[in-house]
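# Residue-level structure breakdown
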Amino acid sequence: MENPYHVRAASLADADTLIAHRVAMFADMGIEMEAAASINKAFRAWLAESLPAGVYHAWVAEADARIVGGAGITVLPWPPGPLYLGDRLAFVYNVYTEPAHRHRGVAQLVMGAIHEWCRAEGIASLALNTSRDGRRLYEGLGYRESPSPMMFFAL
């Protein structure tokens, strides 16, 4: 049976869906979304600047000419160190699949497109934060938990 999903690079024309998926991703993770309208507005402005500038790269999965999932990366300058001698790191964000299309390989296809793009660009290391639901996917793709957990500090 032919795979019904097709992955392509996203553009600003996909902004409404990229934004809706980001908000839905946070809601699925159980994060209070009282500020959904603010996130929507701020992420729209960020996309309008970051996507054309090549700071953010996104991919979407389509079925029947409708976007049903996607993900994106920000490529960060990275200092070489003992675990990775490269000078750039891709950080994965916004991995989301609409509920009716989950467990059908959509996220794996999108991640495959991201990995392929990174290889072509000479980026040999990726990082991400995972939800409980996504952990099995990433481990199956070969991601491993870092010995140094990420920490945040808000000013």
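Bear in mind the structure is a predicted one, so any value in this text is a computation, not a measurement.

## Remarks on the overall build of the protein
Scanning the protein for helices and strands turns up 4 helices and 5 strands. Each helix and strand of the protein, ordered N terminal to C terminal, gives the series β-α-α-β-β-β-α-β-α. For the protein, with 155 residues in total, the buried portion stands at 37%. Intrachain contacts of the protein at a sequence separation of at least 6 include 60% that bridge at least 24 residues. Accessible surface, the protein as shown: approximately 10000 Å² in total, 56% of it carbon and sulfur. Side chains of the protein carry 13 positive and 16 negative charges; the gap between the two charge centres is 3 Å.

## Focus: the packing of helix α1 (residues 15-28) against helix α2 (residues 36-53)
Where α1 contacts α2, the two axes come as close as 10 Å, and the packing angle between them is 135°. The angle between the axes of α1 and α2 places the two elements in the oblique class. Relative to α2, the crossing made by α1 is right-handed. Touching A15, D16, L18, I19, R22 and V23 of α1 are A36, I39, N40, F43, R44 and L47, all from α2. For the contact of α1 with α2, the residue count by class is 8 nonpolar, 1 polar and 3 charged.

## Considering unusual backbone geometry
One non-glycine residue, N94, adopts positive backbone phi at about 55°. The residue H103 is not glycine, and still its phi comes out positive at about 65°. One can find H103 in the loop between β4 (88-97) and α3 (106-120).

## Topic: the sheet that holds strand β5 (residues 126-128)
As summarised here, the arrangement of the 5 strands in space is β1-β2-β3-β4-β5, forming an open sheet in which the pairing is mixed. Taken across any chain shown, the strands that pair with only one partner, and hence form the sheet edges, are β1 (6-9) and β5. For this sheet, the mean angle separating the axes of adjacent strands, direction not counted, is 25°. Across 8 bridges, the pairing between strand β2 (residues 56-63) and strand β3 (residues 66-77) is antiparallel. Bridged to A58 within β3 is G72. The sheet contacts of α3 involve β1, β2, β3, β4 and β5, and relative to β3 the element is tilted by about 35°.

## A few points about α2
The end-to-end C-alpha distance of α2, which contains 18 residues, comes to 25 Å, matching closely the 26 Å that a straight helix rising 1.5 Å per residue would cover. Along α2, the positions that sit buried rather than exposed are F43, L47, S50 and L51. Of the surrounding secondary structure, the elements contacted by the buried residues of α2 are α1, β2 and β4. One or two residues past the end of α2 sits G54, with phi positive at roughly 80°.

## Some words on the nonpolar core
One finds I73, M111 and I114 to be the most contacted residues of the largest nonpolar core, which totals 20 residues. Among the secondary structure elements, those contributing two or more residues to this core are β2, β3, β4 and α3. Sort the elements by how many residues they give to this core and α3 lands first, with 6 residues. Contact partners of I73, with chain neighbours within four places excluded, come to V55, Y56, H57, W59, A90, F91, V92, Y93, I114, W117 and C118.

Rules and cut-offs
- Residues numbered from 1 in each chain as written.
- Predicted model: local features only at pLDDT ≥ 70, side-chain atom pairs only at ≥ 80, totals over all residues.
- Heavy atoms only, no water.
- Helix = DSSP H or I, 4+ residues; strand = E, 2+ residues; numbered from the N terminus.
- Buried < 20%, exposed > 50% of the residue type's maximum accessible area, 1.4 Å probe, protein only.
- Contact = heavy atoms within 4.5 Å.
- Areas by Shrake-Rupley, 256 points an atom, 1.4 Å probe, with all protein chains shown as cover.
- Lys, Arg positive; Asp, Glu negative; His and termini not counted.
- Charge placed at Lys NZ, Arg CZ, Asp CG, Glu CD.
- Axes fitted to C-alpha atoms, helices over the stretch in contact; angles between N-to-C directions.
- Parallel < 35°, antiparallel > 145°, perpendicular 65-115°, else oblique.
- Left-handed = near helix turned anticlockwise from the far one by under 90°.
- Nonpolar A, V, L, I, M, F, W, Y, C, P; charged D, E, K, R; others polar.
- Pairing = 2+ DSSP bridges.
- Expected span 1.5 Å × (residues − 1).
- Core = buried A, V, L, I, M, F, W, Y, C linked by side-chain atoms within 4.5 Å.

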